Structures are given as structure tokens and as C-alpha cells.
Amino acid sequence: MAGTDQQDNGRGLWYGVAAYGIWGLFPLFWPLLEPGAADDILANRMVWSLVAVVLLLIAQRHWGWIRPLLRQPRRLAMLAGAATVISVNWGVYIWAVNAGHVVETSLGYFINPLVTIGFGVLVLKEQLRTAQWTAVGIGAAAVVVLTVAYGQLPWIALTLALSFATYGLLKKQVGLSGLESLAAESAFMFPFALGYLVYLEVSGRGTFGHTVAGSYGWGHSGLLMLSGVITAVPLLFFGAAAVRVPLTVLGLLQYLAPVFQFLIGVAVFHESMPPARWAGFGLVWAALALLTWDALRQVRADRAARAAAVPQPAPVAAAAPGSVPEAATEAVTR
């Protein structure tokens, strides 16, 4: 059993690496969809995400969650809100990547844990430990440094972090799995996305189903359809990882995505990183290192507390000669 559990944990780790690795490599995919504009790409992603997730639900025969959800207006309203904020997140991300701001998108996902902590305090009234307060303070200082470095607020990073933290907060309240949540959110946005694609087609701005000599062909339409698949697949990997590895491991793996994005922005797209920006990113990484250290320390403390709370069996006194236990043993041996 121990060997089976270890193998299961190993598979879960690789599922997590695959999920966050795919998310981290997204900046290499969206430029392939040009000359489609960000709004065209976003609308196609929403439409084809629903198609992909419905096919996955059909394959898994996983429909039982829908009817109870439809009877809960509050959860439906929160899902509509989640669909709205994730649409903002996707739209800003796609535009930023194709506009040459990959490094700043990575910053958004680096600071997302700090924003999530802030939401925990402001919305959920959670109490922070000293290390967490310190990390938030360092993160705020990083935003100030990066504002000076960029000459303006790093609005792309802040929009991505705020929208994704809001999305996480709403998903926490709804309580659906990743695949179920994506299905519901895509269903909410599908009519708007499909309507917008029709508008783009009528206005002559749409690229799906068109070919332009010397610019793009049918492969472009295939890539637009593929955007739905690459949205759904990492969620499947994430779901498989979430049930196999501890949350602390997932918490560490989440940094893979922005690390990959940052490296792609610097090494592949050669985005500028003057010293002031390195200083700002350094502060963010210091804050995340402090958060990680504090989280691991808290996990060890919680385990020790649980171990101490488990009642220990009372020691069994040695039986005296001729007592009942010894007499029973002698009866058995005879």
C-alpha cells in the first residue's frame, strides 16, 4: 500500500507539473493566432472552450452536478461573476502577450498570492501571521518600485492579479471542480462570445474560417479551435494533481507558470529588464520566498500539533504469575 501511495503521489506531482507547465507556456501559443486581434482570439477561446469541455463531460458521463446547480440562484450568480472576471483576465492576458508585455504578465501571477492574502483579510476577515504581513508589505514596496521603473502603475500585472484573485474567491464560494466550473463559466459567456464573433464576421474583422494569401490560411482557424482544448487540458491535469498531492505541493508548483512566463519574456521575446525592474521583481520574489517558508513552517507545526493530540495507548502492566492472562495463555498452549 505504501508503494502504491508513493506511485500515486509521483503521478500527481507530474500532473501538477504538466498543468502549470502548460499555463506557463501559454505566451508561446497566443502569438500564433495573429493576425487575429485580442478580442477575436478571446471570443474564439470562449466558444471553443465550451465545445471542448462538453466533449470531455460526454466522455466522462459527468452530468449529475448540473441539475442541483440550476436550483441554486446564489451559486449561479457567483458563477456569472466568475465568468466575467476570468473573461477580463483572459482578454488582458492575450492582449498583453501579443503586445510584447510577457514579463509584466508574469509579474501579475507572481503577485497573485499576495493579492489573495489581501482578499482573505479584507473579505473573509482572516488573521495573518507576522510573516504574512511582512510579505504583503514587501509586495507593496515592490509595486512602488515597479511603478517607478515602468513610469506608471504596472496596470497589466495588477489587473491580472486582481481579476484572478477575485475569480479564486468566487470559485471558493461556489465549490465546483475545475472542469465543472469551466463548463458553467463557458456556458455563461458562450452567447456573448458567439454573438461577438457574428459581429466580427459582419464587420469584416473576424479571422475564423477565412484565408488571406500571404498572411494566414486554414491552419489559423484550426489554431483558434485548439484554444479551447489547451484551455481545458491543463484543468484536467490540475484536477488529477489536486486529489493526489498535498496542497502545500500545489502551492509550490503554482510558481512554475509565472517562472516560465518570465523566462519566455526575457529569453525568447527579449523584453527589456533594466536594473529598477530587476529590483522590483527581486522584492516580489523575496516576498514569495517568505510566504513559502512561513507556509511550510505552519504545515510542520500543524502536523506536530495533530500528532501530540492523538491519545497514546496506556502501557500494559506485566501479568503476575497465576493471574488470569497467564492462566488463559496456559490454557491455549495446552
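Here, the structure is the one placed above.
Structure report, in brief. (Residues numbered from 1 in each chain as written. Predicted model: local features only at pLDDT ≥ 70, side-chain atom pairs only at ≥ 80, totals over all residues. Heavy atoms only, no water.)

This part covers the overall build of the protein chain. Along the protein chain, the regular secondary structure elements total 13 helices and zero strands. Along its sequence from the N terminus, the protein chain presents helices and strands in the succession α-α-α-α-α-α-α-α-α-α-α-α-α. The C-alpha atoms of the protein chain give a radius of gyration of 26 Å, which is well past the 20 Å a tight globule of 334 residues would have. In terms of principal-axis extent, the alpha carbons of the protein chain reach across some 100 × 50 × 40 Å. For the protein chain, contacts bridging at least 24 residues in sequence account for 81% of all contacts bridging at least 6. Surface accessibility of the protein chain: about 17600 Å² in total, with carbon and sulfur atoms responsible for 69%. (Helix = DSSP H or I, 4+ residues; strand = E, 2+ residues; numbered from the N terminus. Rg over C-alpha atoms; globule rule 2.2 N^0.38 Å. Contact = heavy atoms within 4.5 Å. Areas by Shrake-Rupley, 256 points an atom, 1.4 Å probe, with all protein chains shown as cover.)

Looking now at the nonpolar core. Counting residues in each nonpolar core, the largest one holds 49 residues, and the members touching the most others are Trp30, Trp65, Leu69 and Tyr93. Sorting the residues of this core by element identifies α1 (2-29), α2 (38-60), α4 (73-98), α5 (102-122), α7 (155-174), α8 (178-203) and α9 (218-242) as the ones contributing at least two each. Every residue in contact with Trp65, bar those within four places of it in the chain, is listed here: Leu57, Leu176, Glu180, Ala183 and Ala184. The next biggest cluster of nonpolar side chains, apart from the first, holds 25 residues, and it includes Phe110, Leu169, Met273 and Ala287. (Core = buried A, V, L, I, M, F, W, Y, C linked by side-chain atoms within 4.5 Å. Buried < 20%, exposed > 50% of the residue type's maximum accessible area, 1.4 Å probe, protein only.)

Right, let's talk about the pattern of salt bridges for a bit. All told, the structure shown has three salt bridges when counted by the stated rule. Linking Arg205 and Asp39 is a salt bridge whose minimum nitrogen-to-oxygen distance equals 2.7 Å. Remark: Asp39 occurs in helix α2 and Arg205 occurs in the loop between α8 and α9; sequence separation between them is 166 residues. The exposure class assigned to Arg205 is partly exposed, which follows from its relative accessible area of 41%. Here Arg129 makes a salt bridge to Asp294, at a shortest N to O gap of 2.7 Å. Of this pair, Arg129 sits in the loop between α5 and α6 (130-150) while Asp294 sits in helix α12 (residues 275-309), placing them 165 residues apart in sequence. (Salt bridge = Lys/Arg side-chain N within 4 Å of Asp/Glu carboxyl O.)

Contact geometry for α4 and α5: axes closest at 8 Å, N-to-C directions at 150 degrees. Handedness of the crossing formed by α4 with α5: left-handed. Each of Asn89, Tyr93, Ala96 and Val97 in α4 lies in contact with α5, whose residues at this interface are Val102, Thr105 and Tyr109. Tallied by class, the residues present in the contact of α4 with α5 amount to five nonpolar, two polar and no charged. (Axes fitted to C-alpha atoms, helices over the stretch in contact; angles between N-to-C directions. Left-handed = near helix turned anticlockwise from the far one by under 90°. Nonpolar A, V, L, I, M, F, W, Y, C, P; charged D, E, K, R; others polar.)

By the secondary structure assignment, His220 is in helix α9. Once residues lying within four places of it in the same chain are set aside, the contact partners of His220 are Leu33, Glu34, Gly36 and Thr207.

A cluster of nonpolar side chains, Val51, Val54, Leu55, Ile58 and Trp63, forms an exposed patch at the surface whose accessible area comes to about 420 Å². With respect to the secondary-structure elements, Val54 resides in helix α2. What makes Val54 partly exposed here is its relative accessible area of 30%. (Patch = residues over 30% accessible without salt bridge, like charges linked within 9 Å, V, L, I, M, F, W, Y side chains within 5 Å.)

Glancing now at the packing of aromatic side chains. Tallied over the entire structure, the rule returns 18 aromatic pairs. Between Phe26 and Trp30 the ring centres are 5.6 Å apart and the planes differ by 75 degrees, which places this aromatic pair in the edge-to-face class. The two residues Phe26 and Trp30 agree in class, both being buried. On the basis of an interplanar angle of 50 degrees and a centroid distance of 5.6 Å, the ring pair of Trp48 and Phe208 is categorised as tilted. In this pair, Trp48 is assigned in helix α2 and Phe208 in the loop between α8 and α9, connecting sequence segments 160 residues apart. With a relative accessible area of 19%, Trp48 lands in the buried category. Within the aromatic cluster, the residues linked to one another by ring pairs are Phe110, Phe262, Trp278, Phe281 and Trp285. We note Arg45 situated over the ring of Trp90; from NZ or CZ to the ring centre the distance is 3.9 Å. (Phe/Tyr/Trp six-rings, centres within 6.5 Å; stacked < 30°, edge-to-face > 60°. Lys NZ or Arg CZ within 6 Å of the ring centre and 35° of its normal.)

Given a rise of 1.5 Å per residue, 25 residues ought to cover 36 Å, and the 37 Å separating the end C-alpha atoms of α9 matches this to within 8%. Along α9, the sharpest kink reaches roughly 25 degrees, centred on Leu226. Residues His220, Ser221, Leu224, Ser227, Gly228, Ile230, Thr231, Ala232, Pro234, Leu235, Ala240 and Ala241 constitute the buried set of α9. (Expected span 1.5 Å × (residues − 1). Bend = angle between axes of the 7 residues up to and from the residue.)

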